[in-house]
Amino acid sequence: MLETTLSQVETSARARIEAARSAEELEAVRIEALGRKGALAQISKQLGTLAPEERAHAGKLLNAVKQALEEALAARKARFEEEALRARLDAEWIDLTLPAPGVRPGSLHPLTRIQTEIEDLFTSLGFAVLDGPEVETEYHNFDALNTPPDHPARDAQDTFWFADGNLLRAHTSPVQVRGMETLKPPLRMIAPGRVFRNEEVDASHEHTFYQLEGMLVDREVSVAHLLYFMKLLLRHIFGREVTVRLRPGYFPFVEPGFELDIHCLICGGAGCPVCKQSGWVELLPCGLVQPNVLRISGIDPEEWSGFAFGLGLTRLAMMRYGIDDIRLLQSGDLRFLRQF
Ligand code: DAH
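Residues numbered from 1 in each chain as written. Predicted model: local features only at pLDDT ≥ 70, side-chain atom pairs only at ≥ 80, totals over all residues. Heavy atoms only, no water.

1. Observations regarding the environment of Leu 121
Thinking step 1. Here Leu 121 shows up in helix α5 (residues 110-124).
Thinking step 2. Sequence separation between Leu 121 and Leu 233 is 112 residues; the distance between their C-alpha atoms is 7.7 Å.
Thinking step 3. Once you skip the residues sitting within four places of it in the chain, Leu 121 turns out to touch Leu 232, Leu 233 and His 236. (Helix = DSSP H or I, 4+ residues; strand = E, 2+ residues; numbered from the N terminus. Contact = heavy atoms within 4.5 Å.)

Dropping the structure here:
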């Protein structure tokens, strides 16, 4: 009688252990069968009503069933754990030998590349690399560069003015002035940076572009020195001898002033849209520093002389990489940038 009940409890508990779908279901089965008020506990209470030899036999049976169910529960629980581990491994498994997907190495912006190359050349020649503010005073941008009060470059049509009389620097030349204020002659400096003009934007005009200023002040500096450095610069940039021509150019801060043109590298001088069919590209305005410019910044022009240049970095980058629309440079367009 008791034996039958025991074996029914065991059979039904085993079936439910097998059918359990979660650790919670399994725990419910354990409580119902083996818990303090469970089926086996009920049966064990009836043992006291049995005759002594029967009681010993039934007690053994009860213990055997109890142990068998405990083992079945432990085995099922172990399987749950293994299944969970396998599922996790399946989800997290990675093949370390596969190439990583979608990782692109970054690259330097074409302007940064050219700027760094030129900085390397000039620092190797003893030039300091200077920085200046983008919001400048009228004094540094115009007055100290010997620009007459009525010069058209001061117009709001060309220069971005602030209400307080400051402006967005229209060239990197004010850094010459700042260099002369802080360095004693003889001095050599370059100043790369962003400049701003009130321009109508199109494929060849931007309101924001880059220049690289250079200045050398020493004793008895001549046009020959200027040309020597300019040719060194161009050879360094283009990796070969480039044909240049000098034209007179007017800038209030140099005398004599020049426009240095190079043979167009896009068409080789035959004429194309970049050089406006002339075969030449204006690239490097320069000259000997106007004595007033030295004097205004406290350098005696009787003792010192110098040369200066203002390289159009943006135009140079366009020439070197064959970029035909200036707007691409600041577009942040990855299709453009990934080509470098
Ligand atoms: N600052 C001039 C400009 O933006 C360029 C320039 C011309 C700079 C002659 C110079 C120079 O240093 O000597 O148009």
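2. A word on empty space enclosed by the protein
Thinking step 1. Enumeration according to the criterion identifies one cavity of 30 Å³ or more in this entry.
Thinking step 2. Approximately 30 Å³ is the volume attributed to the largest cavity.
Thinking step 3. Together, Leu 111, Glu 206, Thr 208, Phe 209, Tyr 210, Thr 314, Ile 326, Leu 329 and Gln 330 line the largest cavity.
Thinking step 4. Of all the elements, strand β5 (residues 208-218) adds the most residues to the lining of the largest cavity, at three residues.
Thinking step 5. Across the lining of the largest cavity, the residue classes break down as five nonpolar, three polar and one charged. (1 Å grid on protein atoms, 1.4 Å probe; cavity = no way out; pocket = protein on both sides within 12 Å on 5 of 7 lines; lining within 4 Å. Points joined across faces, edges and corners; volume = space filled by probe spheres on them. Nonpolar A, V, L, I, M, F, W, Y, C, P; charged D, E, K, R; others polar.)

3. A look at the nonpolar core
Thinking step 1. Counting 42 residues, the largest nonpolar core has Ile 118, Leu 233, Leu 284, Phe 307, Phe 309, Leu 311 and Leu 316 as its most contacted members.
Thinking step 2. Within the residue set of this core, elements represented by two or more residues are α5, β5, α8 (223-238), β7 (254-263), β8 (280-289), β9 (305-312) and α10 (313-321).
Thinking step 3. Per element, the largest residue contribution to this core is seven residues, and it comes from α8.
Thinking step 4. Excluding its chain neighbours within four sequence positions, the residues that come into contact with Leu 233 are Ile 118, Leu 121, Phe 122, Leu 284, Phe 309 and Leu 311.
Thinking step 5. Core analysis: the next-biggest nonpolar cluster, separate from the first, contains 20 residues, Val 9, Ile 17, Ala 58 and Ala 72 among them. (Core = buried A, V, L, I, M, F, W, Y, C linked by side-chain atoms within 4.5 Å. Buried < 20%, exposed > 50% of the residue type's maximum accessible area, 1.4 Å probe, protein only.)

4. Here we look at the domain arrangement of the protein chain
Thinking step 1. Here the domain parsing of the protein chain yields domain 1 (2-92) and domain 2 (110-337).
Thinking step 2. In this structure, domain 1 and domain 2 have C-alpha centres spaced 90 Å apart. (Domains from an automatic or database assignment.)

5. Considering the site of the ligand
Thinking step 1. Taken together, 15 residues lie near the ligand, and His 171, Ser 173, Arg 197, Gln 211 and Glu 213 sit nearest.
Thinking step 2. Between the ligand and Ala 308 there is a distance of 3.1 Å, counted from an oxygen atom to a backbone nitrogen or oxygen.
Thinking step 3. In the complex, the protein chains occlude 91% of the 350 Å² of accessible area that the ligand would expose alone.
Thinking step 4. The class makeup of the residues in the shell around the ligand is seven nonpolar, six polar and two charged. (Near = heavy atom within 4 Å. Polar contact = N/O pair within 3.5 Å; in protein donor to acceptor, adjacent residues only side chain to side chain. Areas by Shrake-Rupley, 256 points an atom, 1.4 Å probe, with all protein chains shown as cover.)

6. Description of the packing of aromatic side chains
Thinking step 1. Taken as a whole, this structure holds nine aromatic pairs when the rule is applied.
Thinking step 2. Aromatic pair Phe 122 and Phe 127: ring centres 4.8 Å apart, planes at 70°, arrangement edge-to-face.
Thinking step 3. Owing to a relative accessible area of 4%, Phe 127 belongs among the buried residues under this scheme.
Thinking step 4. Their ring planes at 45° and their centres at 5.4 Å tell us that Phe 229 and Phe 307 sit as a pair that is tilted. In this pair, Phe 229 sits in helix α8 while Phe 307 sits in strand β9, placing the two residues 78 residues apart along the sequence.
Thinking step 5. Owing to a relative accessible area of 11%, Phe 229 belongs among the buried residues under this scheme.
Thinking step 6. Assessed through its relative accessible area of 0%, Phe 307 is described here as buried.
Thinking step 7. Three or more aromatic residues joined by ring pairs make a cluster, and in this case those are Phe 122, Phe 127, Tyr 228, Phe 229, Phe 307 and Phe 309.
Thinking step 8. A cation over a ring is seen here: Arg 76 above Phe 80, with NZ or CZ 4.2 Å from the ring centre.
Thinking step 9. Seen from the ring of Trp 304, Arg 219 lies directly overhead, with NZ or CZ sitting 4.2 Å from the centre. (Phe/Tyr/Trp six-rings, centres within 6.5 Å; stacked < 30°, edge-to-face > 60°. Lys NZ or Arg CZ within 6 Å of the ring centre and 35° of its normal.)

7. Notes on α8
Because an α-helix packs 3.6 residues into every turn, residues spaced three or four apart end up facing the same way.
Thinking step 1. Here α8 contains 16 residues, and its C-alpha end-to-end distance of 22 Å stays within 8% of the 22 Å for a straight helix at 1.5 Å per residue.
Thinking step 2. Buried within α8 we find Leu 226, Phe 229, Met 230, Leu 232, Leu 233, Leu 234, Ile 237 and Phe 238.
Thinking step 3. Trailing α8 by a residue or two, Gly 239 shows a phi angle of about 70°, which is positive. (Expected span 1.5 Å × (residues − 1).)

8. What about the sheet that holds β7?
Thinking step 1. Spatial ordering of the open sheet is given by β1-β4-β5-β9-β8-β7-β6, a layout of seven strands whose pairing is mixed. Edge positions in the open sheet fall to β1 (128-129) and β6 (244-248), since each of these has one partner strand only.
Thinking step 2. Bridging between strand β4 (residues 187-196) and β5 involves 10 bridges; their strand directions are antiparallel. Residue Ala 191 lies in a different strand from β5, and its bridge partner there is Glu 213. (Pairing = 2+ DSSP bridges.)

9. Observations regarding the packing of α5 against α10
Thinking step 1. Viewed as axis vectors pointing N to C, α5 and α10 meet at an angle of 105°, and their least axial separation amounts to 9 Å. Here α10 runs roughly perpendicular to α5, going by the angle between their axes. Contact residues: α5 offers Pro 110, Leu 111, Arg 113, Ile 114, Gln 115, Glu 117 and Ile 118, while α10 offers Leu 313, Thr 314, Leu 316, Ala 317, Arg 320 and Tyr 321.
Thinking step 2. Residue classes in the contact of α5 with α10 are distributed as eight nonpolar, two polar and three charged. (Axes fitted to C-alpha atoms, helices over the stretch in contact; angles between N-to-C directions. Parallel < 35°, antiparallel > 145°, perpendicular 65-115°, else oblique.)

10. Regarding the packing of helix α2 (residues 23-34) against helix α4 (residues 52-92)
Thinking step 1. Where α2 meets α4, the axes come as close as 11 Å, and the angle between the chain directions of the two elements is 175°. For the element pair α2 / α4, the angle class is roughly antiparallel. Between α2 and α4, the residues in contact are Ala 23, Leu 26, Arg 30, Ala 33 and Leu 34 and Lys 66, Leu 69, Glu 70, Leu 73, Arg 76, Lys 77 and Phe 80, respectively.

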